[in-house]
Amino acid sequence: MDFKQFNSKVNIILFWVLILRSISAVEFTENCEIVYLPLLHLSLRDKTLETFVYETNIQPDKIFCLIRCLKQRKCKSVNYNTDTSACQLNSEDHNTQSASLTASTDSTQYYGIADIDENLLGRCAGHTCADDLVCEPHPYGLSTPYQCVVSVVCVPTDGCTNCMQSKFTMTTFDYQPVGCFSAVGNQNPLPTLLLSLRSTIDWYNLQLTIDECANLAHNTRYKYFGIEFWGECWVSTLFNQSRFSLILGQNCETKCPLGVADEHIMFVYEIV
C-alpha cells in the first residue's frame, strides 16, 4: 500500500470514528452554516430489539442504516449486524418496548434514533413524508429540497444495476449505469484519474458525487466515467467490459452501494 492509499484509508477511518465515538459534538458545514450534531450513544451495542422489525436491507455501514431509518417516519430504531451488513428497521424503540430489548447473540447491535440530529439528512432534514414513504433528497439547485417515494427494498443481481435508474438526466446530456467492476492494481476499468472528489463528498447524498463526475467527464469529452473509493472520478473514451470482473449479487450492496464504489472497486457509467 503506497502513501496515498494509506493516507486516504486513515482519513476515511477517522471520519467514521468521529461520527460514531462519544465525542461531545462535531461541526458539519453546509451552505456556510455551522451546526452542532449530538453524536450517537453506543450504550446498547450488545442488544437487539425483537418483534418490531418491518424492513430488512443491506447497508455497507451502520451510519447508512441509521440514515435509512431517519428518512422514514415509521422507523424508530435499528438493528445492524456488522458481520452480514444486515440493516433491520424497527417501528418501535427501547423506550416504548423495553421488554423486547434482548441480549444480542451475534454481532447485531441496536441503535435508537431519538437523540440523532436530523441535520445528518441534509436536504431531508425535518421532512414531512408520510410514515409509509421514504424521503429522497433532490440535488442542490432545485427549488424543492426532497421528494417522498414508496419504500422499496431491491436485491441487486445483475451487475449492481437492476436496482438503479436505467438512465440519469442532466441539463445537456444523459448517462446510464454500466456496472460495478473490480479495480485492483493495474487492472483498472478506466485508466485516467480525472479528479479526486473525496474532499467534497456529501455522505448523505452520494448522487451529488456521481453527477459531478458525470459533468466533468462530459465537459472533457470522455464517454465513460467511474467512481472508485467513494469519490475518485476516473474516465476513458473506450471501455471493454468483457476484460474486467463484474461484481454481482449482494456484494453490490457493500462494495458498490448507492452507485459509488469502495476501494479497489469501480462503478462505471456511460454518457449517452
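By the naming in an unreviewed UniProt entry, the protein chain is Apple domain-containing protein, taken from Mytilus edulis.

Enquirer: Lay out the sheet that holds strand β14 (residues 224-228) with the relevant residues and their values.
Expert: Pairing is antiparallel across the open sheet formed by six strands, whose spatial order is β11-β12-β16-β14-β15-β13. Only two strands of the sheet have a single partner each, and these edge strands are β11 (168-169) and β13 (192-196). Note: β14 against strand β15 (residues 232-236), five bridges, orientation antiparallel. Across the sheet, Phe-225 pairs through a bridge with Val-235, a residue of β15.

Enquirer: With reference to specific residues and values, describe the pattern of salt bridges.
Expert: For the structure shown, the criterion picks out four salt bridges. Arg-68 is the partner of Glu-55 in a salt bridge, and the nearest nitrogen-oxygen pair spans 2.8 Å. Here Glu-55 is found in strand β4 (residues 53-58), whereas its partner Arg-68 is found in helix α2 (residues 62-70), with 13 residues between them in sequence. By relative accessible area, Glu-55 is classed as buried at 8%. Of the residues examined, Arg-68 reaches a relative accessible area of 16% and is grouped as buried. Note that Lys-223 is salt-bridged to Glu-270, the shortest N-O span being 3.2 Å. With Lys-223 in the loop between α3 (207-219) and β14 and Glu-270 in strand β16 (residues 265-271), the pair connects residues that are 47 residues apart, well separated along the chain.

Enquirer: Tell me about the nonpolar core, and please be specific about residues and values.
Expert: Membership of the largest hydrophobic core comes to 50 residues, with the highest contact counts inside it found for Val-78, Tyr-175 and Phe-225. Among the elements of the structure, α2, β5 (77-81), β6 (86-90), β12 (174-182), α3, β14, β15 and β16 are those that each provide at least two residues to this core. Ranked by residue count, the leading element in this core is α2, at seven residues. Beyond its immediate sequence surroundings of up to four residues, Tyr-175 is in contact with Lys-167, Phe-168, Met-170, Gln-207, Ile-210, Asp-211, Ala-214, Phe-225, Tyr-269, Glu-270, Ile-271 and Val-272. Formed by 10 residues, the second largest nonpolar core is a distinct cluster that contains Val-178, Leu-190, Tyr-224 and Val-268.

Enquirer: Got a sec to walk through the packing of aromatic side chains? Specific residues and values, please.
Expert: Inspection of every chain in the model, using the stated rule, returns 10 aromatic pairs. Between Tyr-175 and Tyr-269, the aromatic rings sit 5.5 Å apart at their centres with planes inclined by 90°, giving edge-to-face as the arrangement. Highlighted residues: Tyr-175 in strand β12 and Tyr-269 in strand β16, separated in sequence by 94 residues. There is no split in this pair, since Tyr-175 and Tyr-269 are both buried. Ring pairs connect the aromatic residues Phe-168, Tyr-175, Phe-225, Phe-267 and Tyr-269, which therefore count as one cluster. One residue, Lys-74, lies across the ring of Tyr-54, its end atom 4.4 Å from the ring centre.

How each quantity is defined
Residues numbered from 1 in each chain as written. Predicted model: local features only at pLDDT ≥ 70, side-chain atom pairs only at ≥ 80, totals over all residues. Heavy atoms only, no water. Pairing = 2+ DSSP bridges. Helix = DSSP H or I, 4+ residues; strand = E, 2+ residues; numbered from the N terminus. Salt bridge = Lys/Arg side-chain N within 4 Å of Asp/Glu carboxyl O. Buried < 20%, exposed > 50% of the residue type's maximum accessible area, 1.4 Å probe, protein only. Core = buried A, V, L, I, M, F, W, Y, C linked by side-chain atoms within 4.5 Å. Contact = heavy atoms within 4.5 Å. Phe/Tyr/Trp six-rings, centres within 6.5 Å; stacked < 30°, edge-to-face > 60°. Lys NZ or Arg CZ within 6 Å of the ring centre and 35° of its normal.

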